[in-house]
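Chain by chain, the residues:
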Amino acid sequence: MTAVTDENPGQGGTGEQLSDTSGSDTSRSGSSGSDTSRSGTGWDDGLIARRAQAGRKEAAQTPDEVPEEEEEDDGRPQVEAYVDSGSPLRPRLDALRELVGLSRARLDRAALAEAGRVLDEAAARQRLSSRHTVVAIAGASGSGKSALFNALAGAQLSETGLRRPTTSSPLACSWTDGAAGLLDRLAVPGRLRRRPAPGAAADEALQGLVLVDLPDHDSAAKGHRDQVDRVLALVDAVIWVVDPEKYADAALHERYLRPLAGHAEVTFVVLNQIDRLPGEAADQVLDDLRRLLDEDGMALGEHGEPGATVLPLSALTGEGVGELRELLGRFVQDRTAATRRLSADVDAAAARLRPVYVAEGRPGLGERAREEFTDRLAEAVGAAAAGQAAEREWRRNAGRACGTPWLRLWRWYEATRQPGSRDRVPLAAPPEERLTARQRVEQAVRTVADDAAAGLPGPWAQAVREAAVHGAKGLPDALDELAGRVAGGEAAARGAGGGAVCATASEPAGGTANRGAGEGRGGRAAGRPPRPAWWPAAVLAQVAMTLLQIFGGLWLAGQIIGVLEPGLLTPALVMLGGVVGGPLVEWSCAAAARGPARRYGQEAERRLREAAAACGRARVLDPVAAELMRYREVRERYVAVTEFSTTGR
């Protein structure tokens, strides 16, 4: 047997010295953790650890017996950690990586920092040994974690005592070779790497265990707390050591146990120092500890359910240490601790990202929102007014073609009496009308953006609104130009020209007026409406009525002057037929023109409406739909991250 003592205690580290003795050796039993005395000098591993005399240590020390972890590394290849081809962790990590990549342009770096850290740590762990399980022992000052560390190792590796803090740096004990990479990742220097006592090292169940003793998480030295936080984020599992006095400490529960509740499957919570509790007090404290863990949200591994392991023990007397060693052995040989830890880290990262990926309800652009947006654009561009103007123009042209010559001469005479009336051009819309139209367009864009962003998480709702506002910068001017083109007959019948105008329209530099404002919003249609097939017949009938009037008039005039034989009835009837037939033909044409004029106006309104809708779709709806599609893609990736959860979160 060997006796293990400490070296350089004042420097915060421990050196390992092995000495062969012929008498009674001091050792820690691997199963019970009981203490024996050597040469009449005993030591307690719970509260007070008496060091062996310096002279005896120096006399018994042999340099070749000091084990150093870096010298015992067998150099075997470090295979991927616990992640086989069928593990759900691999697709979850791939989905999380894709999720972070798709979200970088929409979310700030702080929101993705935790997910990025998890990906980095998962990649680092997968490159290291799969044959080892790194378990940290953490606890408050005076809880006895170093004593438990020594009890599991079967040797006095970590310094124990009344001075606080006793442990100033992480101390590691590896049961097998090949853990150098893992300890380098934990930044444990070679002088703080130990091996267990030969009896404990022979325990087959613990082969592959790397035990790390941490400083106090409530240490007065801030550097100690920082080391605890750093190592806890890297190990595969944690043994939390609590004592009857500090098991309900708010710092422990609020800073560690509650945030790490999702890591219950890789968590052990041991109630140490039960030898200090009389009677049934240990059971009462243990029940209260379970209650606090349940309030923290940590699942307890009871009745075969996965969760945290809670058990009482005494590192001083050895009670319960054997049970913990047995549980650790099964845990280590299962070879799934790293996978469970990484899976729990992914769950925690996904839970933090939930507010920026999970929407309320079913966000998106429905048909009703699209139709309302089209209606607002049509109202802003004056589609209804343009249709009414086209209908009036069609009826006016019908009246010109089918009206009586005398009425047409009178209209021409009235027009000539008004200076410049024959060269009159369509007037532009007044400034207040143009301003109102711009406000309508802006209101339509805001409304459709709010409808599309309703229920979305904050960053994605902001991205949707920005896409809509950016696309709407040149929309009022594009609609003005579009109104002129469509009213002038330059656009395609189904609004194809609207997309071209929107695609080529430049961003506005100033005002909104252009040549199409008056033509599209309440002005006359620039093009001449097509004539129906019956118009020539109506014109011929009107010409015949006019000829009858002239013929009857000449006939009567000839009779009056005596050139023709008298007979007033016949020429009067002929002339009367022409006089009555002309207005009758004009009235009939006006009645017949109502239907085609209405259809022509409706077609003009539909053409302008579809063109405005195409323009709004190209500038506003398509960018908004692209942002919504991007959100759906990242939402699918987020679902892939969470649906394979092995921790139930």
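The coordinates are above.
Worth saying up front: this structure is predicted, and the values here are computed from it rather than measured. Here the residue numbers are simple positions, counted from 1 along each chain's written sequence. Only residues with pLDDT of 70 or above have their local features reported here, since the model is predicted, and side-chain atom pairs are shown and tallied only from 80 upward, although totals for entire chains, interfaces and linings are computed over all residues. With hydrogens and water set aside, each side-chain value is computed from the structure's full complement of heavy atoms.

> I'm lost on the environment of Arg127 in this one. Help?
Note on placement: Arg127 falls in the loop between helix H4 (109-126) and strand S3 (133-139). Residue burial is assigned from relative accessible area. The probe radius is 1.4 Å, only protein chains are included, and a residue is buried under 20% of its type maximum, exposed over 50%, and partly exposed in between. We classify Arg127 as exposed; its relative accessible area is 56%. In sequence terms Arg127 and Gly181 are 54 residues apart; their C-alpha atoms lie 9.2 Å from each other. Per the convention used, a helix needs a DSSP run of H or I reaching at least four residues, while a strand needs a run of E reaching at least two, with both numbered from the N terminus.

> Honestly, the pairing of strand S8 (residues 267-271) in this entry has me stumped. Any pointers?
Taken residue by residue, a regular strand's side chains alternate between the two faces of the sheet. Burial within S8 is extensive, with 5 of its 5 residues counted as buried. Alternating residues of S8 divide into Thr267, Val269 and Leu271 and Phe268 and Val270, and every residue in both groups is buried. Where strand S7 (residues 237-242) meets S8, 5 bridges bridge the pair, whose relative direction is parallel. Residue Val242 lies in a different strand from S8, and its bridge partner there is Leu271. The path from the first strand over the helix to the second decides the hand: if it runs clockwise while the strands point away from the viewer, the crossover is right-handed. The handedness of the S7 to S8 crossover, carried by helix H9 (residues 250-257), is right-handed. DSSP bridges decide pairing: two strands pair if at least two such bridges lie between them. Where S8 lies against strand S9 (residues 309-312), 4 bridges are found, and the strand directions are parallel. Note that in S9 the partner of Val269 across the bridge is Val310.

> Which parts of the structure should I look at to understand helix H12 (residues 337-357)?
In an α-helix, one turn spans 3.6 residues, which is why side chains three or four residues apart end up on the same side. A helix is expected to span 1.5 Å for every residue after the first. If you check H12, its first and last C-alpha atoms are 29 Å apart, about what 21 residues at 1.5 Å a residue would give, namely 30 Å. Along H12, the helix axis deviates most sharply at Ala351, where the bend reaches about 30°; the proline Pro355 sits within four residues downstream. Of all 21 residues in H12, 15 are buried; the element is thus mostly enclosed. The angle between axes fitted to the seven residues ending at a residue and the seven residues starting there is what we call the bend at that residue.

> Please clarify how the packing of H12 against helix H22 (residues 569-643) should be interpreted in this entry.
Describing two packed helices takes the angle between their axes plus the distance from one axis to the other. What counts as an axis is a line fitted to C-alpha atoms, over the stretch in contact for a helix, and the angles between N-to-C directions run from 0 to 180 degrees. For the pair H12 and H22, the least separation of the axes is 10 Å and the interaxial angle reads 150°. Here H12 lies roughly antiparallel to H22, going by the angle between them. Along this stretch, H12 crosses H22, giving a crossing that reads as left-handed. Facing Val346, Ala350, Ala351, Leu353, Arg354 and Tyr357 of H12, the residues of H22 in contact are Tyr631, Val634, Arg635, Tyr638, Val641 and Thr642. Every angle not falling under 35 degrees, over 145, or within 65 to 115 is termed oblique; those three ranges are roughly parallel, roughly antiparallel and roughly perpendicular. In this scheme the crossing of two helices becomes right-handed for a clockwise turn of the near helix relative to the far one and left-handed for an anticlockwise turn of less than a right angle. We call two residues contacting when some pair of their heavy atoms lies within 4.5 Å.

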